[in-house]
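Here is how the chains run, residue by residue.
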Amino acid sequence: MSQEPHNNNLIQQTTHWLRERYPIESILEFARKKKVPLYHGTIWYYFGGITLFLFLLQVVTGILLLFYYRTGADQAYESVKFLMTEVHFGWLIRSVHSWSANLMVLSAFLHMFSVFFTRAYRKPRELTWITGMVLLLLAMAFGFSGYLLPWNELAFFATKVGTDIVGAVPVVGDFSLRLLRGGVNVTGATLSRFFGFHVALFPGIFTVILAVHLLLVQAQGMSRPVGHESSDKELKTMPFFPNFVLRDLLLWLIVLNIVALLAVFFPWELGQKADPFTPAPAGIRPEWYFMFMFQTLKLLPAHILWLEGELVGILGFAIAGILWIIVPFLDRTSAAGRKSRTITYTGILIVLYVIGMTIIGYLVT
């Protein structure tokens, strides 16, 4: 006897039960009314969803890694080594976690620059841009804090260099250094603090900001190209649900396959256990998304006028970051489509600078 009628009846009963209790129809109707502009820049809309998917992948794999990870300078390295060598597919889960972390930051950067060059931060989406920038900074903080957790040699000395840079910040530098390290030096206390940041503090803040960001995106809809804000006829559109959602899900599947291929063919290495009493090995460098800043600080002279070169570089990056965050309030692009060329050229120079300094950093080191 076929089970199909019974299954269909069960689905109908479940759907009816949910509709009686939750406003499913109104949610679906709201999604159907939303429109996504169709033009040469539509492809960039998908990178926000890809970043979200990679974050969800981070959460799932991170929870699986927590089942075996042990914090502390005397246990962290051994627990990761046990995970990679003894636990079935433990090496794969760690590689997926590491690769998805890097791809998440890359996707977030692409999403940020696409929003910048399409002027999608314009009124009334200023807060959407600001919350997105906070999420990007938190994603980079995720990477910095998680880098130390295996307690291997490369991560130990890279963290030491990174926190030394934080310590060079005027006024709050010494306090920030001690706050991050849990003391003067990078020790087991630093590892415990980074573990707390990585699995508790940052995820909690990230989830709240992400909820606000997604709420703003849903409430305000997709940004239309400059010059088309007030017109519903000049620009073709497609429904957000199901058309755009199905395309987004297809891209998620493709990205999952890319992460899986990278994890299998380029598994994440563990390296040697950290030893604070040995000299730093050659080639110590941060993650790729910090490389342009790291290389810039290396190239600066010891002193610029009466200030230390490193201090000038840190202050320069801080000022540039603030200006980048408030760019929606600085851009004078009009609704009629007259763009500020200064903003565009500045963005192009920044992209070229970041890529160039990153390449130089890897070639030099």
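The following paragraphs examine the structure supplied in this document. Remember, predicted model here, so these are calculated numbers, not experimental data.

Observations concerning the overall build of the protein
Stage number 1. The helix and strand tally for the protein stands at 14 helices and 4 strands.
Stage number 2. For the protein, the spread of C-alpha atoms along the three principal axes comes to 70 × 65 × 35 Å.
Stage number 3. Looking at the protein as a whole, 39% of its 365 residues qualify as buried.
Stage number 4. Taking the contacts inside the protein whose residues are at least 6 apart along the sequence as the reference set, 77% of them involve residues at least 24 apart.
Stage number 5. In the structure as shown, the protein presents an accessible area of about 21000 Å², 70% of it carried by carbon and sulfur atoms.

Concerning unusual backbone geometry
Stage number 1. The omega torsion of the bond from Lys 123 to Pro 124 falls at 10°, within 30 degrees of zero and hence cis.
Stage number 2. Within the secondary structure, Pro 124 is located in the loop between α5 (90-117) and α6 (126-147).
Stage number 3. With omega at 5°, the peptide bond leading from Phe 241 into Pro 242 counts as cis.

Overview of a nonpolar patch on the surface
Stage number 1. On the surface, Val 59, Val 60, Ile 63, Leu 64, Phe 67, Tyr 68 and Phe 82 cluster together to form a nonpolar patch covering roughly 630 Å² of accessible area.
Stage number 2. As for its placement among the helices and strands, Phe 82 is situated in helix α4 (residues 76-85).

Digging into the packing of aromatic side chains
Stage number 1. In the structure shown here, the tally under the stated rule is 29 aromatic pairs.
Stage number 2. Relative to Phe 117, the ring of Phe 116 has its centre 5.2 Å away and its plane inclined at 85°; by these criteria the two rings are edge-to-face.
Stage number 3. According to the relative accessible area criterion, Phe 116 is buried, its value standing at 1%.
Stage number 4. For Phe 117, a relative accessible area of 28% corresponds to the partly exposed category.
Stage number 5. With centroids separated by 5.0 Å and ring planes inclined at 85°, the aromatic side chains of Phe 156 and Phe 157 adopt a geometry described as edge-to-face.

Let's talk about the packing of α5 against α6
Stage number 1. As a packed pair, α5 and α6 sit with axes 10 Å apart at the nearest point and diverge in direction by 155°. If you check the angle between α5 and α6, you find them roughly antiparallel. Here α5 and α6 pass one another in a crossing that is left-handed. From α5, Met 104, Val 105, Ala 108, Phe 109, Met 112, Val 115 and Phe 116 reach across to α6, where they touch Trp 129, Met 133, Leu 136, Ala 139 and Met 140.
Stage number 2. Considering only residue class, the contact of α5 with α6 consists of 12 nonpolar, no polar and no charged.

Regarding the pattern of salt bridges
Stage number 1. All told, the structure shown has 6 salt bridges when counted by the stated rule.
Stage number 2. Between Lys 160 and Asp 164 there is a salt bridge, and its shortest N-O distance comes to 3.6 Å. Placement of both Lys 160 and Asp 164 in helix α7 (residues 153-167) is noted, with a separation of 4 residues, approximately one turn of the helix.
Stage number 3. Across the salt bridge formed by Arg 181 and Asp 164, the nearest N and O atoms sit 2.7 Å from each other. Residue Arg 181 is located in helix α8 (residues 173-181), and its partner Asp 164 is located in helix α7; the two are separated by 17 residues in the primary sequence.
Stage number 4. We classify Arg 181 as buried; its relative accessible area is 4%.
Stage number 5. Accessibility expressed as a relative area gives 34% for Asp 164, which makes it partly exposed.
Stage number 6. Via salt bridges that share partners, Lys 160, Asp 164 and Arg 181 belong to a single interconnected network.

Calculation notes
- Residues numbered from 1 in each chain as written.
- Predicted model: local features only at pLDDT ≥ 70, side-chain atom pairs only at ≥ 80, totals over all residues.
- Heavy atoms only, no water.
- Helix = DSSP H or I, 4+ residues; strand = E, 2+ residues; numbered from the N terminus.
- Buried < 20%, exposed > 50% of the residue type's maximum accessible area, 1.4 Å probe, protein only.
- Contact = heavy atoms within 4.5 Å.
- Areas by Shrake-Rupley, 256 points an atom, 1.4 Å probe, with all protein chains shown as cover.
- Patch = residues over 30% accessible without salt bridge, like charges linked within 9 Å, V, L, I, M, F, W, Y side chains within 5 Å.
- Salt bridge = Lys/Arg side-chain N within 4 Å of Asp/Glu carboxyl O.
- Phe/Tyr/Trp six-rings, centres within 6.5 Å; stacked < 30°, edge-to-face > 60°.
- Axes fitted to C-alpha atoms, helices over the stretch in contact; angles between N-to-C directions.
- Parallel < 35°, antiparallel > 145°, perpendicular 65-115°, else oblique.
- Left-handed = near helix turned anticlockwise from the far one by under 90°.
- Nonpolar A, V, L, I, M, F, W, Y, C, P; charged D, E, K, R; others polar.

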